[in-house]
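# Summary of the model geometry
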Amino acid sequence: MARAVTNNRKAFNTALAWLVGLLIFFPILWTVLTSFKTEAQAINDPPLFLFFDWTLENYSVVQERSDYLRYLWNSVFIAGGSTLLGIVIAVPAAWSMAFVPSRRTKDVLLWMLSTKMLPAVGVLYPIYLLFIQLGLLDTRIGLTIVLMLINLPIIVWMLYTYFREIPAEILEAARMDGASLREEILYVLTPMAVPGIASTILLNFILAWNEAFWTLNLTAANAAPLTAFIASYSSPEGLFYAKLSAASTMAIAPILILGWFSQKQLVRGLTFGAVK
Amino acid sequence: MEYTARTLLGAAALSLLASTAFAETLTIATVNNGDMIRMQGLTDDFTKKTGHEVEWVTLEENVLRQRVTTDITTKGGAFDIMTIGMYETPIWGKNGWLVPLDDLSAEYDVDDLLPAMRAGLSYDGTLFAAPFYGESSMIMYRTDLMEKAGLEMPEAPTWQFIREAAKAMTDRDNDINGICLRGKAGWGEGGAFITVTGNSFGARWFDENWNAQFDQPEWAEALNFFVGMMNESGPAGYATNGFNENLSLFQQGRCGMWIDATVAASFVTNPDDSTVADKVGFALAPNSEGVDKKSNWLWAWALAIPAGTQKADAAKEFIEWATSKGYIELVAENEGWANVPPGARTSLYENPNYKDIPFAKMTLDSILAADPNNPTVKPVPYVGIQFVAIPEFAGIGTEVSQEFSAAYAGQQSVEEALAKAQALTNDAMEAAGYR
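Residues numbered from 1 in each chain as written. Chains lettered and ligands numbered in written order. Predicted model: local features only at pLDDT ≥ 70, side-chain atom pairs only at ≥ 80, totals over all residues.

### Quick look at the overall build of chain A
As a reminder of what qualifies: Each helix is a run of H or I in the DSSP string that is no shorter than four residues. Each strand is a run of E no shorter than two, and both are numbered from the N terminus. The contact criterion used here is simple: two residues whose C-beta atoms, placed from the backbone, lie within 7 Å are in contact.
When you go through chain A residue by residue, the secondary structure sums to 14 helices and 0 strands. Starting at the N terminus and ending at the C terminus, chain A contains elements arranged as α-α-α-α-α-α-α-α-α-α-α-α-α-α. The dimensions of chain A, computed from C-alpha atoms along their principal axes, are 70 × 65 × 30 Å. Across chain A, every contact between residues at least 6 apart in sequence was considered, and the portion connecting residues at least 24 apart equals 80%.

### Structural notes on the overall build of chain B
Note the cut-off: Restricting the calculation to C-alpha atoms gives the radius of gyration, and the globule rule supplies 2.2 Å times the number of residues raised to the power 0.38. Residues with at least 20 other C-beta atoms within 10 Å of their own are called buried, those with 12 or fewer are called exposed, and the rest are partly exposed. The C-beta atoms themselves are positioned from the backbone.
When you go through chain B residue by residue, the secondary structure sums to 19 helices and 10 strands. Radius of gyration (C-alpha) of chain B: 24 Å, near the 22 Å computed for a compact globule of 435 residues. C-alpha extents for chain B along the principal axes are approximately 90 × 55 × 30 Å. Buried positions account for 50% of the 435 residues belonging to chain B. Sequence separation of at least 24 residues holds for 73% of the intrachain contacts in chain B that already meet a minimum separation of 6.

### Remarks on the environment of B:Gly85
Residues and elements named next belong to chain B. Note on placement: Gly85 falls in the loop between strand 3 (81-84) and helix 5 (88-94). Gly85 gets classed as buried once you count the C-beta atoms within 10 Å, which come to 20. Considered as a pair, Gly85 and Ile72 are 13 residues apart in the sequence and their alpha carbons are 14 Å apart.

### A word on the packing of helix 9 (residues 190-199) of chain B against helix 18 (residues 393-408) of chain B
Residue and element names in this part refer to chain B. Going by this rule: Simply put, an axis is a line fit to the C-alpha atoms, just over the touching stretch for a helix, and the angle between two N-to-C directions goes from 0 to 180 degrees. Oblique is the label for any angle not covered by the other classes, which are roughly parallel (under 35 degrees), roughly antiparallel (over 145) and roughly perpendicular (65 to 115). Three residue categories are used. Nonpolar comprises Ala, Val, Leu, Ile, Met, Phe, Trp, Tyr, Cys and Pro, charged comprises Asp, Glu, Lys and Arg, and polar comprises the others, including Gly.
At a minimum axis separation of 9 Å, helix 9 and helix 18 run at an interaxial angle of 80°. When the axes of helix 9 and helix 18 are compared, the pair comes out roughly perpendicular. Contacts between helix 9 and helix 18 pair Gly190, Gly191 and Ile194 from the former with Gly397, Thr398, Val400, Ser401, Phe404 and Ser405 from the latter. Classifying every residue of the contact of helix 9 with helix 18 by side-chain character gives 3 nonpolar, 6 polar and no charged.

### Some remarks on the domain arrangement of chain B
All names here are of chain B. Counted only if it meets this: Residue ranges for the domains originate in an automatic or database domain assignment.
Along its sequence, chain B is carved into domain 1 (2-135 + 298-360) and domain 2 (137-297 + 373-431). In this structure, domain 1 and domain 2 have C-alpha centres spaced 32 Å apart. Taken residue by residue, the interface counts 10 residues in domain 1 and 14 residues in domain 2. If you list the elements that add at least two residues to the side of domain 1 that touches domain 2, you get helix 5 and strand 10 (298-304). Of the residues belonging to the side of domain 1 that touches domain 2, the class tally is 8 nonpolar, 1 polar and 1 charged.

### Looking at the UniProt feature "transmembrane region" (unreviewed entry) in chain A
Residue and element names in this part refer to chain A. Rules: UniProt positions are given in the numbering used here, feature names are shortened, and annotations may be inferred rather than shown by experiment.
Under the present numbering, the feature "transmembrane region" (unreviewed entry) in UniProt falls on residues 12-33, 71-96, 108-129, 141-163, 184-207 and 240-261. Secondary structure across residues 108-129 divides into 59% helix and 0% strand, with the first and last C-alpha atoms of the span separated by 28 Å. As a span, residues 141-163 carries 100% helix and 0% strand, and end to end its C-alpha atoms are 30 Å apart.

### Let's talk about the UniProt feature "domain: ABC transmembrane type-1" (unreviewed entry) in chain A
Mapped onto this numbering, the UniProt entry gives "domain: ABC transmembrane type-1" (unreviewed entry) at residues 72-262 of chain A. Structurally, residues 72-262 of chain A comprises 75% helix and 0% strand, and the distance from its first C-alpha atom to its last is 20 Å.

### Description of the interface of chain A and chain B
Buried accessible area, meaning the area lost when the parts come together, often serves as the stated size of an interface. Counting residues at the interface gives 24 residues for chain A and 29 residues for chain B. For the side of chain A that touches chain B, the secondary structure elements donating two or more residues are helix 2 (39-42), helix 6 (124-134) and helix 11 (214-217) of chain A. Top element by residues in the side of chain A that touches chain B is helix 6 of chain A. It accounts for 5 residues. A class-by-class count of the residues in the side of chain A that touches chain B yields 15 nonpolar, 5 polar and 4 charged.

### Some points on the nonpolar core
For clarity, the threshold we go by: Take the buried Ala, Val, Leu, Ile, Met, Phe, Trp, Tyr and Cys residues, join any whose C-beta atoms are within 7 Å, and the set you get is a nonpolar core.
Judged by nonpolar contacts, the single largest core of 192 residues is most densely connected at A:Ala94, A:Leu159, B:Ile81, B:Met140, B:Met257 and B:Ala302. When we break this core down by domain, the ones giving at least three residues each are domain 1 (2-135 + 298-360) and domain 2 (137-297 + 373-431) of chain B. Discounting chain neighbours no more than four positions away, the residues touching B:Ala302 are B:Ile84, B:Gly85, B:Thr89, B:Leu121, B:Ala129, B:Ala130, B:Pro131 and B:Phe132.

### Notes on the packing of helix 4 (residues 68-99) of chain A against helix 7 (residues 140-164) of chain A
All names here are of chain A. Rule in force here: Here a crossing is taken to be left-handed if its near helix is turned anticlockwise relative to the far helix by less than a right angle, and right-handed if that turn runs clockwise.
Helix 7 packs onto helix 4 with a crossing angle of 40° between their chain directions and a minimal axis gap of 6 Å. Looking at the two axes, helix 4 sits oblique to helix 7. The two elements helix 4 and helix 7 meet at a crossing, and its hand is right-handed. In terms of residue class, the contact of helix 4 with helix 7 is built from 21 nonpolar, 6 polar and 2 charged.

### Quick notes on the pairing of strand 9 (residues 280-284) of chain B
Residue and element names in this part refer to chain B. This is how the line gets drawn: For two strands to be treated as a pair, DSSP must find at least two bridges joining them.
In terms of burial, strand 9 is largely enclosed, as 4 of its 5 residues are buried. Looking at chain direction, strand 6 (residues 130-142) and strand 9 are connected through 5 bridges and run antiparallel. The partner of Met140 across the bridge, within strand 9, is Phe282.

### Some thoughts on the environment of A:Ser235
Note on placement: A:Ser235 falls in the loop between helix 12 (226-231) and helix 13 (241-261). By the C-beta count within 10 Å, which is 23 here, A:Ser235 ends up buried. Sequence-distant contacts of A:Ser235, defined by excluding residues within four places in its chain, comprise A:Phe240, B:Asn32, B:Asn33 and B:Glu60.

### Some details on unusual backbone geometry
Comment: phi is negative for the bulk of residues other than glycine, and the bulk of peptide bonds are trans. Residue and element names in this part refer to chain B. Here Asp124, not a glycine, exhibits a phi torsion of approximately 55°, which is positive. With respect to the helices and strands, the residue Asp124 is situated in the loop between strand 4 (122-123) and strand 5 (126-127). If you check the backbone angles, Asp175 has positive phi at about 60° while not being a glycine. Turning to its location among the elements, Asp175 is positioned in the loop between helix 8 (159-169) and strand 7 (177-180).

### Observations regarding the pairing of strand 10 of chain B
Consecutive side chains along a regular strand alternate between the two faces of the sheet. Residue and element names in this part refer to chain B. Judged by how many residues are buried, strand 10 sits mostly within the fold: 7 of 7 residues are covered. Bridge count between strand 3 and strand 10: 3 bridges; the pairing is antiparallel. Counterpart to Met82 in the pairing with strand 10 is Ala304.

Here it is in C-alpha cells:
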C-alpha cells in the first residue's frame, strides 16, 4: 500500500534531493567554470564563480598542443571494445551461474570478485612483462583485453543478479519448444534482460572510460586514451589549473553526454528486479 | 646527355631513399612544465634539420617517474628518450640501464655544461643524461613588505634573520603570512625542503656506516626551528602545501617570503599571472648561524636514452639539439631571453643578453653554491643534497616526510616524528642490507 506523503514532506524531499545532486555535481561544474578562466583567475582568492571575463583561450591552447581526436578515438575503442568483449564472455557465464548453478557457484562468484581486491600495482610488473613478450605494449588491443579482464567480475556479477530475476520456467519452456542453447540465450534470455544488459554496458563503459592506472602505465604515444590526455596537463611545478580544467572538460564531455541521454536506461537497469 | 640525366636522377632518388631510410620517429617521455612545453612547440626545427619525427608523451612528474621506471627496469623499449632527474641518473647509469653520452660532438661543447650539473648527471665520470635545465633554490621575497617592516634582506641571510623578518612581515588581519614553505608529504616535496633545511643546521640522513641520524641534536634543532617559525608566521594548513600551493599564495600577495626552486622566479615576476610581479627580490637560501652550509638544493631535468631503444643514434641527435647552445638561441629568438631553459650551460651566464634578467645571477650563484658530494657539514656516505641517491630513498624519504608532515599538522610532536623516522629508516636500511 502506498504511504501518504504530505505536500511539505514532498517539497522537503525534493529540495534535499536537489541539494545532494548539486553537491555531487559541484566539482564538475567548478572544473567547467575554471576552464573558461585565465590562469590568474583560476587561483583568485576569493574564488570567482560566474562573474569573470570568460575566455576560450585554454581550449585553443589545449587544441593546439594535443591531438584530442586521437585520444578520443583511443578512449572510444578501448572502452567500447572492452565492454562488448566483456559482455560476450559474461552472458554465457552469468547464464550458467544463474540457471544451472553448481555447489561451487557462490565460491566462484566470490573468487571472481576477490580479484578486484588486489591493488592493481601489485601485478603491474608481470603484466608489463607479458605485454612486452606479446608485443601488446602501447596497443589498443592490449589495453582492451586488460580492461575487459579487470571489469569482467563486475559484468558477470551484474548480469548474474539480473538473470536471477528471470523465471527459469520461461527458459525451460523455450527448451521444450526445441530451442538450442544459443537460441535460448540469444532469443529468449537476452530480450528479457535488455534493461539489465544495457545498464551493465553503460556502467562498464563508464568504468573503462575513467580507468587511469592501466591506461597510463601500458601506453605511450599510440594507444594513449583521454586519461593520458588529462595527465599531460597536470604539473606539480607550475599553475596550469585552467588548462587542466579545459582538458578535463573535453575528456569528460562525451561520457557526460552519453550518461545524460541514457540515464533512463541506467536507472531502469540499476533498479531492475528491485520491485517484484 | 641522356646518360648524365639518368645518373643524376638515380643519385637524387638514392639520396632521397637514404634520408627516408634513416629518418626515425622518436618517442619522448617528458614532464609538463613551461620549458618542456616550449620545446615541444619548437620540435619542427629539429625535424627540419634531421628528418626525424618526434612523438611526445607528457605526464605529471610522479606518473612519469613510475612510468619510465617500469619501462626501463623491464627493458620495455616504449620510449627512445626519457626525461629524468639527478636522483635517477647515477643509479640507472650504474645499473647499465642508460646509454652513455660519452661521444657527443665537438660542436656540442660538453665542457660548457655547468660542472655541478655535469657531475650530478654522471656516474663514475661518464655522462648519462644531458641537462635540459637546472635549478637550485633561493629566497623570493616582497621588497615592499620588507621595507615596511624596516628590514633589509642581506644577500646571504641566516635562518635566524629569516625567522625575525617573517614575524615582522606577518599581518594576520590582511591575510599576509611572513613565510611560505613546503610541508607536503613526499620525498620530492616537503621531504626535499626539510632535508636541505637539515643540511643547513648541520644535520645528515646517515653517518658513514649508514646509520640513521634522526636521533642527533641537529635534526631536533632543525625540525623544531622549522615548526616554530611556520607556526608563528606560516599559512594555515602549511602541512599540505607544496610548490603549487605556495606559488599561488605568493602570486596573490599572501606571502612575505618564499624559499623554493629557482624556476619559480620567472612565474612570480610574470605580470600576467602575479599580482606582485614588480615587488619581488631574491637572495641566497639561508643557513643557520655558525653553520657553513646553505639550504639550497640542486636539481636538473635531463634527457637520457634508455638502453633498450633501437634508435640510440637518432635519440643522441635529438639530445644534442635540445640541450645545445643553438637551442637556447632558438628559444630566445622565439620567446625572449627570460624564457630560455636556465641552469645548464656556463655560456648562458656569460651572455650579455641574459645578464639583464633579474634572477639570472642569483640562480647561477645558488647552483654554484650546491655541492652534491658534500651536502652537509659532516661527512656522508651518499651523493645528493635534497635526496640520498640510493634506490631505497624514494620509499624511505616519502615515509619520513609523512611523519614530519604529521608533526607540522600537530598530529604528533617533533620528538615523536623524529623517533619514528629514526626507527623506520634504520629498519629499511637493515632490510636493504646497508647495515
